[in-house]
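# Commentary on secondary and tertiary structure
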Amino acid sequence: MARVMLEVRDLTTKYITRYKEDVYAVDHVSLRIEEGKTLGIAGESGCGKSTLALSLMGYYFPPLHYTSGEIIIDGQNITGMKPDDVRKSILGREIAYIPQAAMNALNPTRKIIDFIGDVVRAHEPGWNKQMVYDHARSLFATLGLPAEVLQKYPVELSGGMKQRTVIAVAVTLSPKVLIADEPSSALDVTSQKMVIKMLRDMMNSGFIKAMIFITHELPLLYNVADEIMVMYAGQIVEHATAKQAVFDPLHPYSKGLMGSIIVPESGLRNVKLTAIPGVPPNLKNPPAGCRFAERCKYVKAECKVTSVPLYEVGYDRAYRCVLTETELRRVYQDGE
Amino acid sequence: MKHTINQVFHSGKFVVGFTILMTTLFVVFVYPLFIKEPPLQIIGQGTFFPPGLYVNTYDTINAPTTYTLNLSDAEARRIASRLSQDDRVAMQEWLVAFGIPEDEIDIENTEQLLTQWEANYDPNLRLPGMTFARQRYFQRVNASIDGLLSTEGAIIAARNAETGELEETGVVKLTDFANINDVANVRLLPLGTDNFGRDISTQLVAAAGVSLLIGLVAGLIATSIGLVLGLMAGYIGGIVDDSIMFVTNLFTVIPTFVLLILISFSISQDQRGAITIAIVIGFTSWVWTARAVRSQVFSLRNRDHVNLSKLSGHPVPRIIFADILPYIASYVVMAFILQVSSAILAEASLSILGLGPRTTETPTLGLMMNWAMIYQAHILGKWWAYMPVLLTIALITFSMNLMNTGLDQVFNPALRD
Amino acid sequence: MASKTNLCLSGTGVTKVFGFGRNRTLAVDHVDFAFHEGEIISIVGESGSGKTTLAKMLLGLISTTEGEIFFQGQKRDISSGKKKKEYWKNIQAIFQDPFSAYNTFHKIDAVLLDCIKLRGGDRLPKEEKVKLMTEACSFVNLKFAELTNKYPFELSGGQMQRLMIARIFLLKPKILIADEPTSMIDACSRATILDYLMKLRDETGMTLIFITHDIGLAYYVSDTVYIMEHGKFVESGTADAVILRPQEPYTRRLISDVPKIYEEWDLSTV
Ligand SMILES: Nc1ncnc2c1ncn2[C@@H]1O[C@H](COP(=O)(O)OP(=O)(O)OP(=O)(O)O)[C@@H](O)[C@H]1O
Ligand SMILES: Nc1ncnc2c1ncn2[C@@H]1O[C@H](COP(=O)(O)OP(=O)(O)O)[C@@H](O)[C@H]1O
Ligand code: SF4
Ligand SMILES: [Mg+2]
Ligand SMILES: [Mg+2]
């Protein structure tokens with residue numbers, strides 16, 4: 001069995017808002033990623049994807065707070081480590097994160113090399129300018145980016161180049177696990193493809209060992225990820241291989257999401273798009289039973305009573321619904 | 001709107017600034033109700049009376065009742081107030097220079113010291129190496145210690161109307177006291193008087209009021225001009241924008257303060273009232289408001305809600321008032337507050353240079369600084385002539401800047417902590 | 001089929017130049033087009049290709065530098081405020097970013113009341129207006145009673161975009177230009193928005209012009225597709241022809257860059 005690069009058990013984190021309310025944006029999430037694999041996370045806006053990404057690093061700062069669960073990165077359990085130690089020895093080195101819209105948050109008055117300098121010096125305070133520069137040069141060469149970019153300011157770069165640079169800054173210390181939150185959503189298709197190629201190359205060459213990729217664009221996720229987890233209202237509702245998740249989803253919510261895929265491929269023009277009516281529940285006080293019950297076509301009385309556990313199906317599949325696999329397949333068949 | 005105001009008043013910084021400003025305004029309005037005399041009235045004969053409670057000596061002597069209080073430390077206090085430690089040291093110095101051996105002098109023994117002094121001191125003698133000023137100083141000391149150890153009391157005499165002779169009418173004993181409530185004329189001068197003998201505190205309150213008014217008028221003018229020009233340049237664009245930007249750039253290239261000095265200089269002094277100065281300041285400081293408003297309007301104009309408003313058939317004035325102004329209102333308010341505080345500073349700087357409003361009617365904070373400077377209050381150590389003014393200027397501008405920071409935090413959530 | 005119906009909006013040599021001297025940008029470069037009544041058109045291009053600029057010219061929000069635009073076969077005349085208002089009864093828009101499309105200082109009711117006013121319903125009694133607004137909201141599955149007295153920023157992006165459609169429902173224009181109506185919202189809400197737009201079109205028979213960078217979307221919704229590159233139309237035709245059998249290298253590249261689920265997404269060609 002392959003090496004497990006990241007394992008998370010029952011992780012729960014919450015936001016404490018300005019009005020001292022708790023928002024449970026990540027609720028008992030468990031996952032594991034093996035070496036060389038990419039895990040995709042899908043879900044609609046506000047379901048907690050970005051929060052999960054933040055929580056996975058084990059480094060919490062207000063309003064985000066740790067509640068329970070364990071995080072094990074390449075065999076090292078970082079649960080309960082002091083925030084300062086996490087920042088110094090884990091972030092950027094073991095696990096790195098590219099925040100959503102990071103490319104628009106770059107300080108416009110600094111050069112790219114300065115951002116890399118920041119990351120390097122956080123771990124190697126003694127490095128001088130020349131050492132940082134040499135490191136950055138070889139990093140850019142490895143990642144296939146032109147070295148001139150190092151001396152430029154963020155505004156001088158095109159969107160695609162800016163995003164690739166942001167990724168390069170994030171992986172400066174060649175972390176084992178990379179978390180990319182919507183890295184290509186703001187880009188046009190061509191730049192998006194270049195970003196994805198860069199990430200893919202990094203995985204193939206072993207520069208990073210595993211990746212978590214977050215997006216709400218399912219066709220993209222299908223092409224990038226080996227496995228897909230579908231998130232809904234802070235919980236994982238389905239976990240499957242990319243192929244199963246797209247072509248044979250089990251959970252009614254996943255089914256609905258997959259029904260909203262549009263791609264420019266023949267035949268798709270005549271498929272009816274399925275929109276999911278309604279809105280996700282408020283995470284300040286989520287419903288007691290299945291969180292999707294309000295919007296589910298197949299809801300039953302029992303769905304609303306107690307919380308629904310994640311049922312395992314076979315070795316690498318799980319879903320959170322009271323209906324059995326066969327029942328679900330049958331209702332979908334009837335629907336069509 | 002209500003929500004925003006609510007939020008503004010939840011910002012600590014704003015509230016502190018606002019409270020300081022309101023307190024200042026309160027004092028400015030309430031003080032004249034109690035002290036009715038005009039701020040520039042000369043009451044003191046002489047310059048720079050120190051702060052304190054001034055008791056009329058004549059009324060004290062003639063107070064209806066005289067009380068006798070036997071206080072044990074009265075004599076010591078009296079001596080200390082007229083003969084300071086410095087004076088004692090100086091007297092010893094003189095005596096030593098005169099030729100008395102140093103070990104014969106005990107400066108703590110007042111009686112012996114005074115006897116030695118009386119026996120030897122000669123006001124007309126200028127010892128070798130002694131400056132003229134020093135000689136004068138010893139003459140002053142000599143005069144002040146005259147009769148210091150007397151236990152006699154002072155005799156009060158009045159001139160007989162017929163004979164023209166002085167006749168004793170009473171004796172003020174060393175133990176005589178008057179109740180201050182019986183004294184007809186007592187005047188508190190909390191900040192003393194200035195070089196002309198005018199009450200600084202009354203003047204300061206009036207000056208703060210006038211300076212605030214100058215700030216307000218200048219701020220209103222600068223903000224209105226800046227707003228209108230910025231709106232026009234930003235919304236209409238094209239040639240209008242180009243010409244407005246041309247003028248704005250001209251103003252940017254010439255330092256505003258130099259322009260202000262030139263204009264002030266070219267208006268003769270008797271035409272320079274406080275309001276005139278305010279107008280001049282207003283007309284020279286709209287530039288950056290105009291620039292900032294223009295760039296804001298520029299980006300707002302391309303925002304989709306403006307397009308939507310157009311598509312809904314709204315006329316241009318309505319778009320400007322309903323779709324553009326509210327978005328820059330917070331910004332304009334902040335600009336206004338800054339304009340007010342910088343106009344107060346500008347007036348002060350102008351007046352220090354002697355280019356402020358004419359000096360006959362109203363004081364301004366800047367004029368007070370100017371007077372203090374011309375009459376060398378800072379060299380003579382008359383701190384009460386300039387420190388309170390400086391503090392008032394600092395307090396007013398500080399409160400406004402605080403309000404501004406508070407507003408900024410409310411309107412730019414990114415700055416919130 | 002499209003060519004048989006009447007011309008609705010067309011243009012020849014339409015050009016827009018921004019700035020001058022070194023700052024000169026040729027945003028739209030001599031484009032010709034002919035949109036027919038009841039047709040669904042997509043204009044597809046990368047960001048910065050000039051799509052929004054063209055849309056604004058079609059809407060009459062900015063002037064054209066060169067070229068003519070024809071409305072229902074006649075040369076378009078929007079020289080006065082009154083004529084513009086008349087024109088805007090026929091052509092309306094939905095914008096890309098729902099968060100910036102509303103005046104945050106006005107309540108939602110104001111947006112809808114404006115539409116009633118533009119349609120000449122200013123004098124209707126209040127109940128009548130409320131009825132109209134309720135109907136419009138329920139068309140996009142919103143409850144007017146819950147929205148009234150609310151401010152736009154209290155809604156989610158998807159709700160705001162639906163409210164935009166409700167606005168169009170009230171106005172019932174002949175032409176609707178939707179400039180990237182779904183690019184700022186997640187894939188899940190996108191299906192909902194498209195649903196309502198298509199339903200609205202089916203009810204009113206209006207001409208729908210989609211402006212998008214999403215080729216999948218263009219393929220899914222449109223009859224005719226125009227591909228725009230650097231301000232020029234490089235290819236146009238029926239959706240099937242353009243997307244499934246693209247002739248131009250630019251179109252081919254664009255399509256090959258889109259991640260797909262049935263075909264291989266070839267990453268080696270970047
Ligand atoms: N700083 C915060 N304080 C309180 N609640 C927050 C905060 N940030 C996010 N939330 C809440 O947490 C939940 C999850 O938000 P999150 O940003 O993780 O969503 P997401 O899935 O990444 O959405 P998107 O696709 O829009 O990026 C939402 O209900 C959101 O309102
Ligand atoms: N108001 C403007 N002033 C100057 N240039 C503009 C303006 N609006 C758009 N442009 C330029 O015109 C080109 C086309 O822009 P736009 O129509 O917004 O493209 P798209 O909608 O396809 O992304 C871009 O190069 C853009 O920078
Ligand atoms: S548990 Fe019930 S409500 Fe929830 S998804 Fe399954 S069927 Fe729908
Ligand atoms: Mg997110
Ligand atoms: Mg655009």
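Everything that follows concerns the structure shown earlier in this document.
Figured I'd write up the structure that's included with this text. Here the structure is a predicted model, which is why all the values come from computation and not from measurement.

Before going further, it helps to examine the overall build of chain A. Tallying secondary structure elements over chain A gives 10 helices and 12 strands in all. By its C-alpha atoms, chain A is 65 × 50 × 45 Å across when sized along the principal axes. Within chain A, the fraction of its 336 residues that count as buried is 53%. Intrachain contacts of chain A at a sequence separation of at least 6 include 64% that bridge at least 24 residues. In the structure as shown, chain A presents an accessible area of about 14,700 Å², 52% of it carried by carbon and sulfur atoms. Positive and negative side-chain charges of chain A, numbering 39 and 37 respectively, have mean locations separated by a distance of 4 Å.

All right, on to the interface of chain C and chain B then. The interface is formed by 22 residues belonging to chain C together with 16 residues belonging to chain B. Interface area, chain C with chain B, both sides summed: about 1,700 Å², of which 55% is carbon and sulfur. Looking at the side of chain C that touches chain B, the elements with two or more residues in it are helix 1 (51-59), helix 2 (81-88), strand 6 (91-94), helix 3 (108-118) and helix 6 (157-171) of chain C. Along the lines of polarity and charge, the residues of the side of chain C that touches chain B split into 11 nonpolar, six polar and five charged.

Here the focus is the pairing of strand 8 (residues 207-212) of chain C. A regular strand carries its side chains on alternate faces of the sheet. Residues and elements named next belong to chain C. Among the six residues of strand 8, six are classified as buried, and the element is accordingly described as predominantly covered. Judged by which residues are buried, strand 8 turns out to be covered on both faces: Thr207, Ile209 and Ile211 on one side and Leu208, Phe210 and Thr212 on the other are all buried. As defined by bridge partners, strand 3 (residues 40-45) adjoins strand 8 across five bridges and the pair is classed as parallel. By the bridge assignment for strand 8, serine 42 is matched with phenylalanine 210. In terms of strand pairing, strand 7 (residues 175-179) meets strand 8 through five bridges, oriented parallel.

Residue and element names in this part refer to chain A. With respect to spatial proximity, 15 residues lie near ligand 1, and among them Ser45, Gly46, Lys49, Ser50 and Thr51 are the closest. At a separation of 3.3 Å, an oxygen atom of ligand 1 approaches a polar backbone atom of cysteine 47. Here an oxygen atom of ligand 1 and a side-chain polar atom of threonine 51 are 2.4 Å apart. Here ligand 1 loses 67% of its free accessible area of 650 Å² to cover by the protein chains. If you tally residues by element for the shell around ligand 1, the top one is helix 1 (residues 49-55), at three residues. Class assignment for the residues of the shell around ligand 1 results in five nonpolar, seven polar and three charged.

Residues and elements named next belong to chain A. Taken in spatial order, the four strands line up as 2-1-4-5 in an open sheet, and their pairing is antiparallel. Both outer strands of the open sheet, strand 2 (22-34) and strand 5 (76-77), are each paired with one neighbouring strand and no more. Pairing analysis gives two bridges linking strand 4 (residues 64-73) to strand 5, with the strands arranged antiparallel. Paired with isoleucine 72 across the strands is asparagine 77, a residue of strand 5.

To continue, consider the coordination of the magnesium ion (ligand 4). The protein atoms donating to the magnesium ion (ligand 4) are Ser50 of chain A (OG) and Gln100 of chain A (OE1), with metal-donor distances spanning 1.9 to 2.1 Å. Here serine 50 of chain A is found in helix 1, whereas its partner glutamine 100 of chain A is found in the loop between strand 6 (95-98) and helix 3 (112-123), with 50 residues between them in sequence.

All names here are of chain C. With antiparallel pairing, four strands are arranged side by side in an open sheet as 2-1-4-5. Here the strands that pair on one side only, and so sit at the sheet edges, are strand 2 (25-36) and strand 5 (74-75). Pairing analysis gives two bridges linking strand 4 (residues 66-71) to strand 5, with the strands arranged antiparallel. When the sheet's bridge partners are listed, phenylalanine 71 is paired in strand 5 with glutamine 74. Its contacts with the sheet put helix 1 on strand 1 (7-18), strand 2 and strand 4, and the angle it makes with strand 2 is roughly 60 degrees.

Cut-offs applied
Residues numbered from 1 in each chain as written. Chains lettered and ligands numbered in written order. Predicted model: local features only at pLDDT ≥ 70, side-chain atom pairs only at ≥ 80, totals over all residues. Heavy atoms only, no water. Helix = DSSP H or I, 4+ residues; strand = E, 2+ residues; numbered from the N terminus. Buried < 20%, exposed > 50% of the residue type's maximum accessible area, 1.4 Å probe, protein only. Contact = heavy atoms within 4.5 Å. Areas by Shrake-Rupley, 256 points an atom, 1.4 Å probe, with all protein chains shown as cover. Lys, Arg positive; Asp, Glu negative; His and termini not counted. Charge placed at Lys NZ, Arg CZ, Asp CG, Glu CD. Buried area = accessible area lost by both parts, 1.4 Å probe. Nonpolar A, V, L, I, M, F, W, Y, C, P; charged D, E, K, R; others polar. Pairing = 2+ DSSP bridges. Near = heavy atom within 4 Å. Polar contact = N/O pair within 3.5 Å; in protein donor to acceptor, adjacent residues only side chain to side chain. Donors = N, O, S within 2.8 Å, 3.2 Å for Na, K, Ca; no water. Axes fitted to C-alpha atoms, helices over the stretch in contact; angles between N-to-C directions.

Function cannot be read off these values alone, since they describe shape.
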